[in-house]
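# Breakdown of the fold
Residue strings, one per chain:
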Amino acid sequence: MIESYDVIVIGGGATGAGVVRDCVRRGIRVLLIERFDISTGATGRNHGLLHSGARYAVTDAESAEECIKENMILRRIASHCVEETDGLFLSLPEDDLSFQSKFVEACRHAGIRADVIDPKEALLLEPSANPDIIGAVRVPDGAVDPFRLTASNIIDAKAHGAEVLTYHEVTGFIREQNRIVGVKVLEHKTKEVKSYYASIVVNAGGIWGHDIARMVGVTINMLPAKGALLIFGHRVNQMVLNRCRKPADADILVPGDTISLIGTTSSKVPFEEVDRMLVTSAEVDLLLREGEKLAPVLAQTRILRAYAGVRPLVASDDDPSGRSVSRGIVLLDHAVRDGLEGFITITGGKLMTYRLMAEWTTDLICRKLNVSAACTTAVEKLPGSREAVEEIGKKMISVPLAQRNSTIYRHGDLAEKLAENTVSEYSLVCECEEVSVGEVKYALNELDVHNLVDLRRRTRVGMGTCQGELCACRAAGLMSSMHKYCTKRAKEDLASFLNERWKGMAPIAWGDTLRESEYMSWVYRGVCGLEWSQKQEE
Amino acid sequence: MKFDTLIIGGGLAGLVCGIALAKKGQRCVIVSSGQSALHFSSGSFDLLNTLPDGSQVSCPDRAWSALAAQAPTHPYVKLGKETFVRLASQVQPFLQKSGVLVQGSGLCNQYRITPMGTLKSTWLTLDDFPVCRMPDRLPWKKVAIFNMAGFLDFYTQFIVDEFRKIGTESSVHLFHFAGLECLRKNPSEMRSTNIARMFEKKENLEKLVLTIRQESGDAEVVLLPAIVGLVAKDGLEMLRCQVEKPLYLLPTLPPSVPGIRTQQILRKCFQDAGGVYMLGDTVKGVEKEGNRIARVYSCNHGDIPFVASNVVLATGSYFSQGLIATPDRVYEPVADLDVVYETGRDCWYDLNLFARQHYQDFGVKTDAGFRGIYQGNVLENLYVAGALLEGFNPIREGSGAGVSILSALYVAEQILSEKL
């Protein structure tokens, strides 16, 4: 049987998920193929900042305008993924205050509300901010949860008939003369190779899109830019804190859920390294040094993890040196650019503009397929964001308060699925993040979970201060008892989950984090006798 | 406050040292800030399971020479082979006299059962836990495993599947009865210690006995997660008496009910021997006079110092804050003793959590008599025992409990011999 679609989208990040949602809502038969889990690339490895666009106002007016428009759209369509915190752009004594007026002017020009406020007032609004500030501007920044946002796009796409294959890796293309007609896909679980056919294949692979394009002989001049971030153990700030200067390293502190995030660094890395992004001690030191300037309390705040993502920066086509880099959206119709029909690349851009990127891509697809349906993603709310929090809470009144609030926070109106839970399902798997047995079961049954790391992305299991000390074992047991896998796989998965947690802890393993790590070693290696072989890593 | 010996740290090392000294008539005080590694014990004590080069050890006394070659500053090597063997032979009777009953086979290792159902090398095991001599065979063909429904820190299927691999069949029985239901009201209460508290009530225990008797069928033994016997062993003994079959406990994920009980028994033994146990106090710092510790100050006692002829530092490693790591160094916070560690934190870790972690090798430098060193000079009346010692990796070697007990006994001997 030939599996045939109108469109195949490669890449399960925010962009790919957005394209799939947009396509299926316009009546296009679409298949998403992702080599690992959704949001494993740059989507899951950034600030989670709902940019107002202010950061780009001075240097890149076009991006700034796109950002503020999408910012307002996401507040409406993805309210359960967004926290409307607002942000401050702080000027420190070492910063040039004259930049502030230029900044405010540029913001207003881009349509971004920017209110200059008294430093004293700023400190009242945000007590964690550096008390030495000499200036402050308030802008409509916020926090957005990229996991949730992507998952919600996928849920909606699937509800409208899209097919999604995770842990399927594209290993080759099927070509007829100058036209791409399908892809060859390796299923990681079974090692089976399958073929899928479509009129159009969309490359939404982020930085990995570079290699995907190369498979069909197309060159996209991408520059992998590594950005490292640190997660702090509790929420230090309530508003997003930025430095009011030209964008530089480690000058944004974003609150999100129960934590705060400082980032990012920016460094070019070779393509060979993009799958193994490790944060160096030099990067950690830089992030801390700069972060403390925004919020001095960071010097005494426990760091939970360090991680890094890779931005897919694209050099302009007419600049082979790669120096002229755009952070804007890059949509390449390879039929026009390279004479290759049936292949489109969407890249560049940023998390904030994922929906717009998807709209542009789907508009192009529609032109090619002669579909006239218009884009609705700017108005149709995402699943989870369709009801007010108070209304959801009322329907779940029988669920204990802590679990009720945390599941609503994470799943929005989809949390209602837990309303019928029984008392044994209220038990907590993860005590740090208040993840109940019922929530884990929901994720296992409905959200394409294949392993503990997938489960973490959907529920926050193991993301709290203990980084999975007890909950990892509990969740592995639950997954096994729900026949997600055998106990042998469960133990391997447990070990690889703990190792994944450790990779983010090692760069900052001193103080309490080292205490926690030592405890983790004692419990799992000592008491449990768990081992982990090199083979598992491959 | 004047004492013969002040012991800082109330974990396994501090208690063993305190008991050994108090029983010989010393006036001792233990200052303990609270939890110790005993609180997540497996119910077994390891002496030496693996040499630093990775080779397995079946009899630690026979592995001593190889250890000496591979880890010259290892606490066991500092003891010398003869003392190592002599002290190790004393441990089982010592624990027995202190009220902690353990089973072992002399100086050889045996195997215990992990919460994952696998067999793991160990040395001495609490008498209510099962042990076996072979790494690949259990002494039973058929077992009945009981667990409380909804208790997530003990997953029976892990155990069933591992047992099947080595030829033992298991039946699993989940129990829930009214007396335990109140635990479900607060969703974070379903922990081993909270369940154990419910089994301090006789009626709940009787109900459990009944369940086990009705359901265990033709199984040769009954296995139960360690959720009974938190305060006293009476409940556990009643259970073992009335079940009419051998009954053993298996370790759960932390907290460890048998570990907490062991700590309480040792503490009571120390107090019965006249020792003073100050719980919830933390030592802030020391005053040195020449090469001696003259005074020790704690949080609760402000400017009233502890004065003692000898001070034993048994404050544990990082977890217990006997060692503190900052981004660029590792230090000992009480007396600022010299610490052996590598410079540059990049070499402290391996990115594979399950590989050797160098930070676990770091520790406080001592002379051959386990006396601490400050800026290159030996402190004459400050001894170091347990996890904060240099030269060993407790997790990789499986030597944590052994080093704690043996170094504590040795330090006690050193202090007592001084007096003569």
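Residues numbered from 1 in each chain as written. Chains lettered and ligands numbered in written order. Predicted model: local features only at pLDDT ≥ 70, side-chain atom pairs only at ≥ 80, totals over all residues. Heavy atoms only, no water.

## Side note on empty space enclosed by the protein
Residue and element names in this part refer to chain A. Put simply, the test is: Definitions used throughout: a 1 Å grid over protein atoms alone; a cavity as a set of points that fits a 1.4 Å probe which cannot get out; a pocket as an open set with protein on both sides within 12 Å along at least five of seven lines; a lining residue as one with an atom within 4 Å of a point. Grid points are joined across faces, edges and corners, and a volume is the space filled by probe spheres set on the points. Put simply, DSSP marks the helices as runs of H or I at least four residues long and the strands as runs of E at least two long, and each gets a number from the N terminus on.
Evaluation of the coordinates by the stated rule reveals eight cavities of 30 Å³ or more. By volume, the largest cavity amounts to about 200 Å³. Lining the largest cavity are 19 residues, with Arg148, Ala151, Arg410, His411 and Arg458 positioned closest to its centre. For the lining of the largest cavity, the secondary structure elements donating two or more residues are α6 (146-159), α12 (401-411) and α14 (452-459). Among the elements that take part in the lining of the largest cavity, α6 stands out by supplying five residues, more than any other.

## So, the state of the cysteines
Filter applied, for reference: The term disulfide is used for any two cysteine sulfur atoms that are within 2.5 Å. Only protein chains enter the accessibility calculation, which uses a 1.4 Å probe. A residue is then buried if its area is under 20% of the maximum for its type, exposed if over 50%, and partly exposed in between.
Scanning the entire structure with this criterion turns up one disulfide over all chains. With a sulfur-sulfur separation of 2.1 Å, B:Cys59 is cross-linked through a disulfide to B:Cys108. On the sign convention where negative is left-handed, the bridge of B:Cys59 and B:Cys108, at about 90° about the S-S bond, is right-handed. Placement of the pair is B:Cys59 in the loop between β3 (44-45) and α2 (64-70) and B:Cys108 in the loop between β4 (102-103) and β5 (110-113), with a sequence separation of 49 residues. The thiol sulfur of A:Cys375 is not disulfide-bonded, and the nearest other cysteine sulfur, from A:Cys366, lies at 8.9 Å. The class for A:Cys375 is partly exposed, based on a relative accessible area of 23%.

## Some words on unusual backbone geometry
Note the cis peptide between A:Gly263 and A:Thr264, where omega equals -10°. With respect to the secondary-structure elements, A:Thr264 resides in the loop between β16 (259-263) and β17 (267-268). Backbone torsion omega between B:Pro254 and B:Pro255 reads -5°, so that peptide bond is classified as cis. Among the structural elements, B:Pro255 can be located in the loop between β12 (247-250) and α9 (257-272). Even without being glycine, A:Asp257 reaches a positive phi, approximately 55°. Looking at the element boundaries, A:Asp257 is found in the loop between β15 (252-256) and β16. The exposure class of A:Asp257 is buried, given its relative accessible area of 17%. We note that A:Asn370 has phi near 60°; this positive angle belongs to a residue other than glycine.

## Side note on the domain arrangement of chain A
Residue and element names in this part refer to chain A. Here is the rule: Domains are outlined according to an automatic or database domain assignment. Only heavy atoms matter for contacts: two residues are in contact if any of them lie within 4.5 Å across the pair. We define buried area as the total accessible area lost by two parts upon association, computed with a 1.4 Å probe and summed across both. The working definition used for a salt bridge is a side-chain nitrogen of Lys or Arg within 4 Å of a carboxyl oxygen of Asp or Glu. Pairing of N or O atoms within 3.5 Å defines a polar contact, subject to two protein rules: one partner must be a possible hydrogen donor and the other a possible acceptor, and residues neighboring in sequence count only if both atoms are side-chain atoms. For this classification, Asp, Glu, Lys and Arg are treated as charged, while Ala, Val, Leu, Ile, Met, Phe, Trp, Tyr, Cys and Pro are nonpolar and the rest, including Gly, are polar.
Segmentation of chain A into domains returns domain 1 (3-42 + 147-221 + 316-369), domain 2 (82-142 + 223-308) and domain 3 (421-537). Summarising the inter-unit geometry, the C-alpha centres of domain 1 and domain 3 are found 31 Å apart. At the interface, eleven residues of domain 1 touch ten residues of domain 3. Counting the surface lost from both domain 1 and domain 3, the interface buries some 840 Å², and carbon and sulfur atoms represent 46% of this. Considering only the side of domain 1, the residues that lose the most area to domain 3 are Asp37, Phe147 and Tyr167, jointly responsible for 48% of the buried surface there. The interface formed by domain 1 and domain 3 holds three salt bridges in total. Put simply, Asp37 and Arg457 hold a salt bridge, and the shortest N to O gap is 2.8 Å. Counting across the interface, domain 1 meets domain 3 through six residue pairs in polar contact (both at pLDDT 80 or more). Its residues placed into classes, the side of domain 1 that touches domain 3 shows four nonpolar, three polar and four charged.

## Quick look at the pattern of salt bridges
Residue and element names in this part refer to chain A. The final tally for this structure, using the stated rule, is 66 salt bridges over all chains. Between Asp156 and Arg21 there is a salt bridge whose closest N-O contact spans 2.6 Å. Of this pair, Asp156 sits in helix α6 while Arg21 is found in helix α1 (residues 14-25), placing the two residues 135 residues apart along the sequence. Here Asp156 matches Arg21 in class, with each residue buried. Across the pair Lys368 and Asp333 runs a salt bridge, and its minimum N-O distance is 3.1 Å. Here Lys368, found in helix α10 (residues 354-369), pairs with Asp333, found in strand β20 (residues 329-333); they are 35 residues apart in sequence, far enough to count as distant. Here the salt bridges share partners, and the residues they tie into one network are Arg55, Glu94, Asp95, Arg243, Arg245, Asp251, Glu290 and Lys293.

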